[in-house]
Amino acid sequence: MQTVTLNNGVEMPILGFGVYQIPPEQTEQAVTEALAAGYRLLDTAAAYGNEGAVGRAIKNSGIPREELFVTTKLWVQDAPAQDNTKRAFDKSMDKLGLDHLDLYLMHQPYGDVYSQWHAMQDLHREGRIRAIGVANFYPDRLVDLLLNNEVTPAVNQIETHPFFQRTADREVMREHGVQIQSWGGFAEGRNNLFTNPVLSDIGEKHGKSVAQVVLRWLVQRGVVAIPKSVRAERMAENIDIFDFELTDDQMARIATLDTGSSLFFDHRDPAMVSRLGQVRLND
Ligand code: NAP
């Protein structure tokens, strides 16, 4: 598996498996199948409610811990956020059954992000997490966070797909050494992504599916991708993208699909800040 090197030297697979919206009772089987298909990067979150199932699949796989790259995410914490972040991390680790984590992401740019980040820095310093990062940070908030803290986020996981390509945001991240990671790489199928004529035509030229073209396009731009599927045949399809290359012309054609805006919601929308920012996990 091709890797990217994060700003602290940690190697991260460029392609992994995401488990958002997989019900907990289906997650153990899905992760077991993903590991069998060759995925070694797993992306979950406290908010997904399936960390325990991810942990069981890891344990039962027998795959040596050092071969896996496990990401989970911190949900927004109440005050005192620094203490609560450490408690939330311990809970996630208990559920995952791990003694150290590869990547811990702040899931939302909401709440007392500085206190949350300070706690994440402590856990990183103590060796409990190999790399810390954020998700859903727009460049203004990201730059402010990294300029005012000791540790620069290693990763920013943001909505990135052919209809919302994040080219300027990616450039800001590159300047500051923050690795871009895509969530919703298929836009969850919105905007008829899987039958898009441009993507279909490019796929035909390579004997590849639209899904494979999209994932190849992401990794060719240096973006870490974490497609989700509950179907073993799609898991195999989605990891089979390292035997072809998109031409400059094909990359340019895909660039024309960018709409420059989210297909989900804008994390800067005050209504979302208020709604999502006040959600608390109660387990
Ligand atoms: P996604 O990967 O864009 O799309 C998943 C959808 O595509 C599912 O409906 C899946 O259906 C379908 N699919 C997968 N492979 C396919 C293929 N080869 N052909 C046709 N359809 C296919 O959506 P996502 O799950 O939202 O994003 C990926 C991961 O990013 C998540 O699982 C999660 O780990 C992470 N994420 C993070 C955030 C954040 O705020 N940080 C937000 C959203 C997601 P089946 O399952 O039926 O195959």
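A. Main features of the overall build of the protein. Looking only at helices and strands, the protein features 11 helices and 10 strands. Counting only C-alpha atoms and orienting by the principal axes, one finds that the protein spans roughly 55 × 40 × 35 Å. A burial count over the protein gives 53% of its 283 residues as buried. Taken as a whole, the protein presents about 12100 Å² of accessible surface, with 48% of it coming from carbon and sulfur. Here the protein holds 28 positive side-chain charges and 38 negative ones, and the gap between their average locations is 2 Å.

B. Just the sheet that holds strand β8 (residues 155-159), in detail. The strand order across the open sheet formed by 8 strands is β3-β4-β5-β6-β7-β8-β9-β10, and the pairing between neighbours is parallel. With partners counted over all chains shown, the strands left at the sheet margins are β3 (17-18) and β10 (224-225), one partner each. Relative to β10, strand β9 (residues 179-183) runs parallel, the two sharing 2 bridges. From the neighbouring strand, Gln181 faces β10, where its bridge partner is Val224.

C. Spatial organisation of the site of the ligand. In the neighbourhood of the ligand, 27 residues make up the surrounding shell, with Asp43, Glu188, Lys228, Ser229 and Arg234 lying closest. The separation between an oxygen atom of the ligand and a polar main-chain atom of Tyr20 is 3.0 Å. With respect to the ligand, the side chain of Glu188 contributes an N or O atom lying 2.4 Å from an oxygen atom. For the ligand, whose unbound accessible area comes to 920 Å², protein coverage reaches 89%. Its atoms largely coinciding with the cavity grid, the ligand occupies the largest pocket. Broken down by element, the shell around the ligand gets its largest block of residues, 3 residues, from helix α9 (residues 232-239). Grouping the constituent residues of the shell around the ligand by class yields 12 nonpolar, 8 polar and 7 charged.

D. Fine view of the side chain of Gln250. Secondary-structure assignment places Gln250 in helix α10 (residues 248-255). Apart from the residues lying within four places of it in its own chain, the contact partners of Gln250 are Ile202, Lys205, His206 and Glu245.

E. Seen up close, empty space enclosed by the protein. Counting across every chain of the model gives 1 cavity of 30 Å³ or more. Put simply, the largest cavity is a space of about 60 Å³. In terms of lining residues, the largest cavity is bounded by Asn136, Phe137, Tyr138, Ile158, Glu159, Phe164, Arg166, Trp183, Ser262, Phe265 and His267. Of the residues contributing to the lining of the largest cavity, the split by class is 6 nonpolar, 3 polar and 2 charged.

F. Geometry of the packing of helix α3 (residues 81-96) against helix α4 (residues 113-125). Interhelical geometry of α3 versus α4 gives an angle of 50° and a closest axis separation of 8 Å. Here α3 is positioned oblique relative to α4, judged by the angle of their axes. For the pair α3 and α4, the sense of crossing is right-handed. In this structure, α3 uses Ala81, Gln82, Thr85, Lys86 and Phe89 to contact α4, whose residues at the interface are Ser115, Gln116, His118, Ala119, Met120, Asp122 and Leu123. Grouping the amino acids of the contact of α3 with α4 by side-chain chemistry returns 5 nonpolar, 5 polar and 2 charged.

Calculation criteria
Residues numbered from 1 in each chain as written. Predicted model: local features only at pLDDT ≥ 70, side-chain atom pairs only at ≥ 80, totals over all residues. Heavy atoms only, no water. Helix = DSSP H or I, 4+ residues; strand = E, 2+ residues; numbered from the N terminus. Buried < 20%, exposed > 50% of the residue type's maximum accessible area, 1.4 Å probe, protein only. Areas by Shrake-Rupley, 256 points an atom, 1.4 Å probe, with all protein chains shown as cover. Lys, Arg positive; Asp, Glu negative; His and termini not counted. Charge placed at Lys NZ, Arg CZ, Asp CG, Glu CD. Pairing = 2+ DSSP bridges. Near = heavy atom within 4 Å. Polar contact = N/O pair within 3.5 Å; in protein donor to acceptor, adjacent residues only side chain to side chain. 1 Å grid on protein atoms, 1.4 Å probe; cavity = no way out; pocket = protein on both sides within 12 Å on 5 of 7 lines; lining within 4 Å. Sits in = over half its atoms within 2 Å of the grid points. Nonpolar A, V, L, I, M, F, W, Y, C, P; charged D, E, K, R; others polar. Contact = heavy atoms within 4.5 Å. Points joined across faces, edges and corners; volume = space filled by probe spheres on them. Axes fitted to C-alpha atoms, helices over the stretch in contact; angles between N-to-C directions. Parallel < 35°, antiparallel > 145°, perpendicular 65-115°, else oblique. Left-handed = near helix turned anticlockwise from the far one by under 90°.

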